[in-house]
Structure formats: C-alpha cells, structure tokens
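One-letter residues, chain by chain:
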Amino acid sequence: MAKAKKIWMDGKFVNWNAANVHVLTHTLHYGLGAFEGIRCYRCEDGRSAIFRLPEHTERFFASAKIGLIEIPFSVDEINGAIAATMKVNGLKEGYIRPLVYLGYGSMGLFPKNNPVRVAIAAWEWGAYLGEEGLKNGIRVKISSFARHHVNSGMTKAKLVGNYVNSILAKKEVVASGFDEAVLLDTEGYVSEASGENIFMVKNGVLKTTPLTSILNGITRDSVLKIAGDRGVEVKEERFTRDELYTADEAFFSGTAAEITPIREVDLRTIGRGRPGPVTKEIQKVFFDTVKGKNKDYENWLWYI
Ligand code: PPE
C-alpha cells in the first residue's frame, strides 16, 4: 500500500512506521472494534473535499455504540482529527480510515478496563476494483457464505469482526476467478457484497436491498438521492439471485468501490455486458459531485 507520513493515534500524530500496538491488544484477538472508510477528493478548483464527513463520523459513533464502545473523543474532535490527518500528510486526495479499538489490558472475553483507543490513517487509494472495472464493469459471484444473521453480526455496525465473513466470501470467489462476492442474507435474498451495497435496474426501475441485513451505506444513500432527483423510480425491496441474473443493469456502491458496474453474475451476462445508461448516468453525477463539478450536492462536501 501507499504509505503516508503520519498516523493520528489517541490525540497525537506519530510517524507511519511507529504506529504500532501491543500484540495483546484486545481487538486483535476478539474483533470488537469499529472503523470507517471515507474518501477525500481533489476538486476541480484545486481544493480538497471529504465526502459526507458528518455522516461517516455519525456512523462511526453509531457502530461504537452498537458495540458498547465509548469513543473517548467528541464528534468535533474526530472530524477535526480526520481533516488534520489529510493535511499533515500533504494529501489532496485519499482514503481515510478511523478505527476505534480496545487496547492492551485484560485478556478474556469480558474486557474489564482495557483502554479505548482511536487511530486515524490516510493514504492514497485508487479504484478499489480496478480502473478497468470502474469503466467496463466487473464479474461477480454469489458466495456460499451467507451475510450475518441480524441477531449475530450487527450488520448496521462497521465492527472489525464482522469482516471475517466478508474476507472469506471474497477469497472464495477470487479463487474461482471472479472480482467480487455478493452475499445472500440468511433467508436467501441478495443482501450486499463483501464491502459494497448492490443495485439492480430492470425496465427503468432501480432496486436495492432494504436496510435490514446490510450496512447503511453512505454511497447507497447518495445514489438513492441522485436517482430520485432524476425521476428514476426507486425501490428498496428484497430481491433474489435469479432476479439479479435477469437485470438490465447492476452496480455496486461503496466508499472504496465508488460506483462500480457489474457486467456478469454467476456466469450470466448482465444486460449487454457493459455498463447501462442508468448506471453510467449515476456514476457520472457521483464523480462530478465528489470532484466539486456538480454543485447540486455541494452540502455533501467538507472542504479542508
Ligand atoms: N457494505 C459493507 C459490508 C461495507 O463494508 C461497505 C463499505 C458498504 C456496504 C458501503 O458503505 P459506504 O462506504 O458507506 O457507501 N466498505 C468499506 C470497506 C473497504 C475496505 O476494503 O476496507 C469502504 O468502502 O470503505
């Protein structure tokens, strides 16, 4: 990965290579911690803007709350530290990773008085599923791993341990030659991908999974608003894998993956095997927005 200079740890900046923890860090063993993934873009006018920072910070605190973790900083302090992490590293554009975790203290499943620690790193990160994928679409496969049951995984929270499920699904499909994994929920309906929400288009109607077994994606929310503003009929409704097979268009949304078109699901070509008109328009508006070209959604940009 592309290294930056400094990482914010518990209120101060430390050198990238010195940003270490004790091997008995509680979260490292048991997975109770929460994180965010945020992008900052270089805008047309040369300024940098963090995309929907307040919403990401709000979700960071919500994830921690679900995990019964109290973040020892205020929302304003975290927002400030995120912006400062970009600035101190001289980054105009990049991916930002806030993480809250339980530090070294007691071991065992009942964390008694382990310190709650917070780190914020930022680095340059290009197209998550490849430039080629962003342009022409990717090939995906339904994983044999189900997305967490809503009474075991706490899917609304970006909890560290939740991602074991995502990594297993991703490794499984990559080993079979696909680019990304789609997971079904425990009732068998399409839920989301390893690190993205999913959309399909059929006869002009845009459909996405309702907020049941999925992460409340901030990019997903942005897509729903952009599509709605363009008069596209939008439905938040469960759908099956065979409905997805016969979609005219499909795409993923996520901070890392941005808007990535899907050209194939389980060896079935989606539409004509290239990004369709609805996907292309949403993708264009999204990129124009994050780069400050489209002023309709300026309130989503947090200039630093
Ligand atoms: N679902 C999951 C499970 C998920 O992890 C993400 C983000 C999303 C949906 C989309 O949410 P949003 O980013 O708010 O639109 N996944 C992060 C993980 C990337 C990584 O590999 O790390 C991300 O996109 O930052």
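Just so it is clear, the model here is predicted, and its values are computed rather than measured.

A. Here's a closer look at the packing of aromatic side chains. Within this structure, the stated rule accounts for 12 aromatic pairs. Relative to Phe-61, the ring of Phe-60 lies with its centre 6.2 Å away and its plane at 85°, an arrangement referred to as edge-to-face. Judged by centre distance (4.9 Å) and plane angle (10°), the rings of Phe-199 and Phe-251 are stacked. Taken together, the residues Phe-199 in strand β11 (residues 197-202) and Phe-251 in strand β14 (residues 249-254) connect sequence positions 52 residues apart. Within the aromatic cluster, the residues linked to one another by ring pairs are Phe-51, Phe-286, Phe-287, Tyr-297 and Trp-300. Sitting over the face of the ring of Tyr-303, Arg-47 holds its NZ or CZ atom 3.7 Å from the ring centroid. Over the aromatic face of Tyr-245 sits the side chain of Arg-268, whose NZ or CZ is 4.1 Å from the ring centroid.

B. Representation of helix α3 (residues 75-88) in the model. Taking 1.5 Å per residue, 14 residues should reach 20 Å; α3 reaches 20 Å between its end C-alpha atoms and fits that length. Within α3, the full set of buried residues consists of Ile-78, Asn-79, Ala-81, Ile-82, Ala-83, Thr-85 and Met-86. At the C-terminal side of α3, Gly-90 shows a positive phi close to 65°.

C. The side chain of Arg-220, seen in detail. If you trace the backbone, Arg-220 turns up in helix α6 (residues 218-229). A residue is classified by how much of its surface remains accessible, and Arg-220, at 2% relative accessible area, is buried. In contact with Arg-220, other than residues within four places in its own chain, are Asn-197, Phe-199, Thr-208, Thr-209, Pro-210, Leu-211, Ile-214, Glu-236 and Ser-253.

D. View of helix α8 (residues 277-290). Over its 14 residues, α8 runs 20 Å from end to end, which matches the ideal 20 Å to within 8%, given 1.5 Å per residue. Looking only at α8, the buried set comprises Val-278, Thr-279, Ile-282, Gln-283, Val-285, Phe-286, Phe-287, Asp-288, Thr-289 and Val-290. Once α8 ends, the next one or two residues include Gly-292, with phi positive near 70°.

E. Structural context of the nonpolar core. Within the largest apolar cluster, 34 residues are counted, with the highest numbers of intra-cluster contacts made by Ile-50, Ile-71, Ile-78, Ile-82, Ile-96, Val-100 and Val-118. Going through the elements one at a time, β1 (6-9), β4 (38-42), α2 (53-66), α3, β6 (94-102) and β7 (116-123) are the ones with two or more residues in this core. Setting aside anything within four residues of it in sequence, one finds Ile-82 in contact with Ile-38, Ile-50, Leu-53, Thr-57, Ile-96, Pro-98 and Ile-120. Listed in part, the 23 residues of the second largest apolar core include Ile-226, Ala-227, Phe-251 and Val-278.

F. Representation of the pattern of salt bridges in the model. Taken as a whole, this structure holds 19 salt bridges when the rule is applied. The residue Arg-147 makes a salt bridge to Glu-192 at a minimum N-O spacing of 2.5 Å. One end of the pair, Arg-147, is in the loop between β8 (138-142) and α5 (163-175); the other, Glu-192, is in strand β10 (residues 190-193), and 45 residues separate them in sequence. You'll find Arg-147 and Glu-192 in the same group, each marked buried. Note that Asp-288 and Lys-284 form a salt bridge whose closest N and O atoms lie 2.6 Å from each other. One end of the pair, Asp-288, and the other, Lys-284, are both in helix α8, four residues apart, so they sit about a helical turn from each other. Taking relative accessible area as the criterion, Asp-288 reaches 17% and is therefore assigned buried. One continuous salt-bridge network, built from bridges that share partners, spans Arg-52, Glu-55 and Asp-221.

G. Seen up close, the site of the ligand. Residues in contact with the ligand amount to 21 residues; listed here are only the nearest, Tyr-95, Tyr-128, Tyr-163, Thr-219 and Thr-255. One nitrogen or oxygen atom from the side chain of Tyr-128 is found 2.4 Å from an oxygen atom belonging to the ligand. With respect to the ligand, the side chain of Tyr-163 contributes an N or O atom lying 2.5 Å from an oxygen atom. Protein contact buries 94% of the 550 Å² of open area that the ligand shows by itself. In a pocket analysis with a 2 Å cut-off to the grid points, the ligand is assigned to the largest pocket. Mapped by element, the contributors of at least two residues to the shell around the ligand are β6, α6 and β14. Residues belonging to the shell around the ligand are distributed by class as follows: six nonpolar, nine polar and six charged. Taken domain by domain, the makeup of the shell around the ligand includes at least three residues from each of domain 1 (6-123) and domain 2 (131-290).

What counts as what
Residues numbered from 1 in each chain as written. Predicted model: local features only at pLDDT ≥ 70, side-chain atom pairs only at ≥ 80, totals over all residues. Heavy atoms only, no water. Phe/Tyr/Trp six-rings, centres within 6.5 Å; stacked < 30°, edge-to-face > 60°. Helix = DSSP H or I, 4+ residues; strand = E, 2+ residues; numbered from the N terminus. Lys NZ or Arg CZ within 6 Å of the ring centre and 35° of its normal. Expected span 1.5 Å × (residues − 1). Buried < 20%, exposed > 50% of the residue type's maximum accessible area, 1.4 Å probe, protein only. Contact = heavy atoms within 4.5 Å. Core = buried A, V, L, I, M, F, W, Y, C linked by side-chain atoms within 4.5 Å. Salt bridge = Lys/Arg side-chain N within 4 Å of Asp/Glu carboxyl O. Near = heavy atom within 4 Å. Polar contact = N/O pair within 3.5 Å; in protein donor to acceptor, adjacent residues only side chain to side chain. Areas by Shrake-Rupley, 256 points an atom, 1.4 Å probe, with all protein chains shown as cover. 1 Å grid on protein atoms, 1.4 Å probe; cavity = no way out; pocket = protein on both sides within 12 Å on 5 of 7 lines; lining within 4 Å. Sits in = over half its atoms within 2 Å of the grid points. Nonpolar A, V, L, I, M, F, W, Y, C, P; charged D, E, K, R; others polar. Domains from an automatic or database assignment.

All quantities given are derived from atomic positions and should not be read as evidence of function.
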